[in-house]
Each structure stands twice: as C-alpha cells, then as structure tokens.
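# Structural overview for review
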Amino acid sequence: MSIQTDKIQELVERRAEARLGGGADRIEAQHKKGKLTARERLALLLDEGSFEEFDQFVQHRCTNFGMEKSHPDGDGVVTGQGTIDGRLVYVFAQDFTVNGGSLSKTMSEKICKVMDMAARNGAPCIGLNDSGGARIQEGIDALAGYGEIFERNILSSGVVPQISGIFGPCAGGAVYSPALTDFTVMVQDTSYMFLTGPAVVKQVTGEEVNQEELGGAAVHSSKSGVAHFAAADDKEGIQTIKELLSYLPQNNMQSAPLCPTADPAGRADDALNDIIPDNPNKAYDMYAVIGSIVDDGKFFEVHKNFAKNIIVGFAHMNGQSVGVVANQPNVLAGVLDINASRKAARFVRFCDAFNIPLVTLVDVPGFLCGTQQEYGAIITNGAKLLYAYGEATVPKVTVTLRKSYGGAHIVMSCKQLRGDINYAWPTASIAVMGAEGAVDVLFKNAGDEREQKINEYNDLFSNPYRAAEKGYIEDVIEPRNTRFRVIRALETLKGKKQDIPAKKHDNLPL
Amino acid sequence: MMNLLFTELPGGHTITDKGAALLQTDPHGTTLTLIAVSTVFLGLIILYCIYTLSGNIFSGKYKKDPSKKKAAKAKASAKAGEMSPEVAAAIAMALNAGAGNEAEIAALTALSLYLGTSTHDAESYVLTIKDADVNWNNKMNFRKLPR
C-alpha cells in the first residue's frame with residue numbers, strides 16, 4: 001500500500017469516527033428518547049447528497065476538569081452548507097451525543113463561521129439546537145461564544161432568513177439565539193426552552209413546576225409565543241422548516257420564489273357572499289375566507305396556537321408568496337389585545353424585511369379593554385403593530401370584511417398608514433365605534449328613542465360608503481370577487497417603490 | 001340584322017319579350033347592377049354571420065354563466081310552481097316563528113331563492129398586466145443609510 005493510499009485511508013477512518021459523534025451507545029440513547037441525531041436531522045432537512053460539512057475535525061482547546069482527556073472531532077456540532085429544494089442554505093446542528101451538545105468556544109467558532117457565510121452569500125441560516133447549555137468547564141470562553149453568536153444573529157437579522165429548530169434542551173443564555181432569529185420550531189415532549197430550570201425556579205420562588213410546564217413546546221407555542229411552531233416529532237419539525245422556507249426569499253434583496261398554480265386568478269367564490277352573518281354580533285370563521293382566496297386553499301399558518309384572535313401566515317396568490325394578516329371573529333370577536341398586537345407586528349416586520357407583500361383581512365371591533373390590558377401596556381404593544389404597518393414599504397392590500405372601528409381601524413393597515421390598495425365588502429362598517437356604543441355616548445338619556453338612534457347611526461355609518469366617498473378605500477367589492485381583486489392589486493404593485501427617510505435606525509416602541 | 005340583345009333561335013324565333021321589357025324599363029342597366037351587387041353583398045353578410053357565430057361558439061363565448069343558469073332554473077321552477085325543500089323549510093320556519101328579525105330574514109332568503117333574484121357585480125376576471133422586467137424597484141441601494 002502506497003503512502004498516499006495510507007493517508008487517504010486515515011482520512012476515511014477519521015471521517016467515519018467523526019460521524020459517529022459521541023458513539024453508538026449515545027446514539028442509541030438519543031433514539032430511545034424519540035430523538036434523531038444531528039446528522040440524521042440534517043439528512044432529512046437537506047437535499048440528498050447536497051450537504052458539505054465544514055470543520056469536521058475541529059477539536060476543543062479546553063484543559064480544565066479533565067477535558068484534556070477527550071477531543072472528539074467536530075466538538076459537538078455539525079456545520080456546513082447544502083440545498084433545500086435546490087436552494088442554498090447554511091446549517092448547524094448541535095450533537096447531544098458529544099458532551100451533551102454543550103457550547104464551547106470552538107463550537108461557537110464553527111457556528112459563527114457558517115453564520116458569516118450565510119450573511120455573505122445571501123442564503124438562509126438554519127440552526128438545529130439540542131444542547132445542555134454552556135460548557136461549564138470552559139467558563140467565560142463559553143459565554144463569549146454565545147455573545148459572538150448573538151451578535152451575528154443581530155447583524156444577520158433582516159438580511160437573510162434565520163430559522164431555529166429546538167430539538168432538545170435549550171436553557172440559560174442559549175435561548176437568546178433562537179429568540180433573535182425569525183422563526184422558532186419546537187418539538188413536543190422532547191424540547192425545552194427556559195432561562196432557569198425547574199430546580200432553580202423552586203429554589204428562588206418556591207414554585208414547583210416541571211420542564212414541560214415551564215418551557216415545553218405547548219407552553220411556548222400557545223402562552224408565551226416564543227415558539228412559532230410546535231411539531232409532534234423531529235421529522236415533523238424538519239418538514240415544517242422546509243415548508244416555511246418555500247415561502248421565503250433567500251435574502252432581503254430577492255423576492256420569494258414563485259409557486260406555479262392551476263388555480264385561476266379569476267376564480268369567484270359565491271360562498272363568500274353569504275359568509276358574513278346578518279347579526280353583527282355573530283361570529284364566523286376567518287379561515288374560510290383565507291382558504292377561499294389563496295391559491296388552492298393552502299395556508300401555512302405561523303403562531304397557530306398563540307393569540308388566536310389574529311391569524312398570521314403565508315400563502316400564495318397567483319403563485320406569488322404573500323403574508324396574510326387577518327382578525328379572527330371566532331376568537332374574542334377578533335379584538336386586538338397585547339399578544340395579538342405583538343404577534344402580528346413581528347410578522348408584518350418580517351414580511352417587510354423580506355419583500356413579501358401583505359394581505360390584510362379586517363374585521364376588528366377594537367382593542368381589548370380593562371386593567372389587565374392597560375397594565376400590560378396595550379398602548380405600547382398596540383403601537384408596535386401600528387408602527388410595523390406604518391413603516392412597511394412592501395405592497396399592502398387590505399380588505400375590510402365587516403367591522404373596522406376606532407384605533408384598531410387605523411392599526412389594521414388603513415389608507416393613512418400608506419396602505420396601497422384598500423377594499424371593503426358591502427358588509428363593512430368603518431366607523432369610530434359600533435352603533436350601540438356610539439348612541440350610548442352621544443345620547444345618554446335617549447330612553448325609548450335609543451333604538452331609533454341606533455338605526456340612524458347604522459344608516460349613516462355602518463357601511464363602507466362613508467369611507468369610499470372620502471377616498472379612504474379604493475373600492476367596494478363583491479365578496480365573491482375578492483381573490484381576483486387582491487391578485488390584480490398585487491400584480492399592479494409588483495413594481496412598487498417606496499422609501500423611508502434616512503436614519504441610523506428607527507425607534508420601534510418596545 | 002343581328003342584334004346583341006336579340007338572339008335568333010332555330011325556326012326564326014327571337015327572345016324579345018323579357019329582354020325587351022328590361023330594355024324598356026331599365027335602359028341603362030341600373031336595376032340589374034343593383035340586384036347583382038346586392039346579391040354579392042348579401043352573400044358576404046351571410047358568410048360573415050356564419051363565421052362569427054361559429055367562432056364564438058368554439059371560443060366558448062356563449063358558455064352559460066352558472067349563476068345565470070341557476071337563477072334561470074330557479075325562475076323556471078318558480079313558474080312551474082315547484083319548490084325546493086330548503087325553500088319550503090325556510091318559509092315554514094318563518095311562518096311558524098312569527099314576526100321577528102330572524103323570521104324576516106328567513107322569509108326574505110326564501111323569497112330570494114324562490115324568485116331567483118341573485119345579482120352580481122360586474123367583473124372581468126381577466127389579468128391584463130404583463131410582467132415587466134424593470135429596474136424601477138431594484139432593491140440595490142434601496143434604503144439610503146446616513147453616512
């Protein structure tokens with residue numbers, strides 16, 4: 001055997017060893033927990049044969065607490081580049097089988113390298129987290145590593161899409177990297193995110209809580225809103241990431257890929273003409289409206305279980321990727337509250353950053369009132385959504401279906417917030433408030449005349465024509481034609497150019 | 001003498017009756033010209049109609065609007081005195097419930113269905129805009145940052 005062959009043999013062997021990570025036993029243990037290994041996840045995520053690994057032979061440099069005795073190749077993270085549906089992505093996947101996936105300085109260097117490449121080459125960066133946290137043996141070096149990752153998360157924000165998959169524990173400072181990225185996918189029962197674990201919580205506050213209740217996928221996808229998606233298992237989580245990417249552009253200079261459809265742009269849906277109940281206090285399902293107007297009825301919802309009174313998500317309209325924001329009359333009558341405002345504001349800002357047009361479907365009776373909301377800063381949080389719509393320069397098409405009252409009318413992409421095309425259904429009521437509330441304010445002692453005054457108010461304001469007369473909406477459209485009119489509006493807005501004044505950065509009400 | 005308008009036939013007979021009458025009533029051939037030209041144009045008009053009609057049939061222009069068809073069907077059934085189960089149920093509900101908003105709505109819906117009076121806003125359903133590859137909104141240097 002020649003020297004060269006020997007050397008090639010050595011390469012093959014080292015690579016095989018590196019691919020084993022923490023070894024067969026630990027891989028087996030990972031599988032027993034219902035989890036996949038880092039490499040198995042990447043194999044599912046990327047196009048077959050597309051993955052090219054970087055820094056496979058990197059080893060940690062720590063010599064404290066016996067760390068010098070073991071130097072596994074790769075140091076607990078698999079990094080590299082590959083393609084998803086033929087589109088370039090940069091990835092890193094923490095390997096729990098190697099030192100519990102704990103973050104060392106060298107691991108952070110590997111992660112930072114692919115993050116830099118993603119930002120430099122204009123491709124999305126996907127991180128699959130499964131880590132016990134900072135590698136305590138390294139001390140401050142591990143914290144420095146986190147800091148470097150966070151800084152890159154911040155600098156890449158709004159430049160390339162950043163997606164985090166939480167496929168295991170993610171505790172302490174580590175949680176801030178996913179929090180800084182655009183979307184977070186969590187897996188039920190196997191992934192947790194919290195700053196301090198149940199033991200510390202009990203020590204500090206006396207509160208007894210388990211991992212799932214403290215920071216499981218169900219909690220973060222429904223109560224805190226930290227996670228945008230909750231998947232049943234690793235496979236579903238990875239599929240969610242792939243589907244999400246299909247709606248996004250590669251970077252902030254490009255448009256999202258077109259998705260050809262056989263669904264005609266001129267498809268009218270008679271069912272929409274009957275969807276609004278005659279009684280204004282009766283609810284209906286906004287999902288039915290969304291499903292009716294988007295291509296093939298396919299809607300990819302974001303934050304499905306969080307703040308259900310507002311719906312946000314991606315869809316295609318005539319093949320073009322759009323962000324849909326819609327009030328949900330079925331939940332809290334579609335009212336805007338703190339969580340709904342936060343949820344929608346974040347989504348609107350993402351769409352604006354990545355050139356995804358916004359389609360807004362409005363049926364909002366106002367902001368939720370009460371001390372809980374006021375003490376929780378509904379003013380500041382409501383302002384976030386107002387700000388997000390007001391600063392957005394992507395095409396904005398708005399359809400008012402029924403109620404659009406007061407401050408909530410302004411917030412929901414009204415004409416004065418640089419809405420491009422604003423339509424209303426004949427059933428729309430665009431006013432300062434509902435008829436009964438207005439009469440109670442204007443005619444406190446109306447007595448028997450209350451009904452008559454309510455009817456007068458309804459005749460005067462409970463229609464879209466007062467707004468149409470003043471040019472605050474472009475047109476009143478028949479509901480069945482909504483798909484066609486929105487698509488046509490989006491087509492005409494493809495060349496939209498709008499700027500904002502030069503500034504260092506804005507001062508979004510946080 | 002041989003005349004162009006009179007043809008001698010065997011046996012000494014000549015065509016004189018109709019020809020002579022035409023010569024007398026239309027000495028300059030104006031009527032004959034008008035008849036000939038009209039015949040040609042009539043033929044052309046008939047051909048135009050045939051081609052237009054067949055063109056429209058093949059291009060689907062005369063395809064019936066489903067909503068119109070539905071309305072026509074409803075009208076036809078109304079004329080025939082037929083009533084769908086839904087219509088009957090709605091009217092019955094309205095009558096049983098007596099006066100009230102929901103009853104009125106049910107009765108109006110039933111009447112609308114019964115009479116087939118659904119109307120729709122005019123819409124073209126045709127996208128005429130073509131993709132124009134222009135640099136008008138090129139994202140390069142889109143946001144002006146302060147120096």
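Quantities reported herein were computed from a predicted structural model and do not represent experimental measurements.

### Points about the overall build of chain B
Across its full length, chain B carries five helices and zero strands. In sequence order, chain B lays out its α and β elements as α-α-α-α-α. The proportion of buried residues among the 147 residues of chain B is 12%. When contacts within chain B are restricted to residue pairs at least 6 apart in sequence, long-range pairs at least 24 apart make up 36% of them. Total accessible area computed for chain B in this model is approximately 12,800 Å², and 65% of it derives from carbon and sulfur atoms.

### Observations regarding unusual backbone geometry
Residue and element names in this part refer to chain A. Although it is not a glycine, D85 adopts a positive phi angle of roughly 50 degrees. Summarising the element assignment, D85 is placed in the loop between strand 2 (77-84) and strand 3 (87-94). A relative accessible area of 58% places D85 in the exposed class. Even without a glycine there, the phi angle at D296 is positive, about 55 degrees. Structurally, the position occupied by D296 is in the loop between helix 11 (286-293) and strand 10 (299-302). A residue is classified by how much of its surface remains accessible, and D296, at 56% relative accessible area, is exposed.

### So, the environment of S224(A)
All names here are of chain A. Structurally, S224 is set in helix 9 (residues 217-224). The partly exposed category is assigned to S224, whose relative accessible area is 25%. Here the alpha-carbon distance between S224 and A307, two residues 83 residues apart in the chain, equals 9.5 Å. Within polar-contact distance, the side chain of S224 engages the side chain of H220 at 2.7 Å. In terms of polar contacts, S224 uses its side chain to reach the backbone amide nitrogen of V226, at 3.1 Å.

### Quick look at the nonpolar core
Residue and element names in this part refer to chain A. In this structure, L45, I126, L248, F314, V325, L336 and L385 are the most contacted members of the largest nonpolar core, which totals 54 residues. Top element by residues in this core is helix 12 (residues 338-353). It accounts for seven residues. For L336, the contacting residues outside a window of four places in its chain are I310, N327, S341, V364, G366, F367, L368, I378, L385, A408, V411 and M412. In terms of nonpolar packing, the next biggest core, distinct from the first, is built from 30 residues, I276, V289, I311 and L361 among them.

### A few points about the packing of helix 3 (residues 38-45) of chain A against helix 10 (residues 234-245) of chain A
Residue and element names in this part refer to chain A. Axis separation between helix 3 and helix 10 bottoms out at 9 Å; the angle between their running directions is 40 degrees. The angle between helix 3 and helix 10 places the two elements in the oblique class. By crossing handedness, the relation of helix 3 to helix 10 is classed as right-handed. Listed contacts from helix 10 to R41, L44 and L45 of helix 3 are D234, K235, I238, I241 and K242. Classifying every residue of the contact of helix 3 with helix 10 gives four nonpolar, no polar and four charged.

### Considering the side chain of S404(A)
Residues and elements named next belong to chain A. With respect to the element layout, S404 can be found in strand 14 (residues 396-405). Of the polar contacts made by the side chain of S404, one reaches the side chain of H409; its length is 2.8 Å. In this structure, S404 is in contact with V362, V364, H409, S429, I430 and A431, ignoring residues within four places of it in sequence.

### Notes on the interface of chain A and chain B
The interface is formed by 31 residues belonging to chain A together with 21 residues belonging to chain B. At the boundary of chain A with chain B, total buried surface from both sides reaches about 2,200 Å², with 53% on carbon and sulfur atoms. Three residues, M253(A), F484(A) and K497(A), lead the burial of chain A against chain B; their summed loss comes to 22% of the area buried on that side. Linking chain A with chain B are two salt bridges, by the criterion used here. Here R488(A) and E123(B) are joined by a salt bridge, their closest N and O atoms 3.8 Å apart. At the surface where chain A touches chain B, the tally comes to six residue pairs in polar contact (both at pLDDT 80 or more). Split into classes, the residues belonging to the side of chain A that touches chain B amount to seven nonpolar, 10 polar and 14 charged.

Quick notes on the rules
Residues numbered from 1 in each chain as written. Chains lettered and ligands numbered in written order. Predicted model: local features only at pLDDT ≥ 70, side-chain atom pairs only at ≥ 80, totals over all residues. Heavy atoms only, no water. Helix = DSSP H or I, 4+ residues; strand = E, 2+ residues; numbered from the N terminus. Buried < 20%, exposed > 50% of the residue type's maximum accessible area, 1.4 Å probe, protein only. Contact = heavy atoms within 4.5 Å. Areas by Shrake-Rupley, 256 points an atom, 1.4 Å probe, with all protein chains shown as cover. Polar contact = N/O pair within 3.5 Å; in protein donor to acceptor, adjacent residues only side chain to side chain. Core = buried A, V, L, I, M, F, W, Y, C linked by side-chain atoms within 4.5 Å. Axes fitted to C-alpha atoms, helices over the stretch in contact; angles between N-to-C directions. Parallel < 35°, antiparallel > 145°, perpendicular 65-115°, else oblique. Left-handed = near helix turned anticlockwise from the far one by under 90°. Nonpolar A, V, L, I, M, F, W, Y, C, P; charged D, E, K, R; others polar. Buried area = accessible area lost by both parts, 1.4 Å probe. Salt bridge = Lys/Arg side-chain N within 4 Å of Asp/Glu carboxyl O.

Geometric descriptors of this kind do not, in isolation, establish any biological role.
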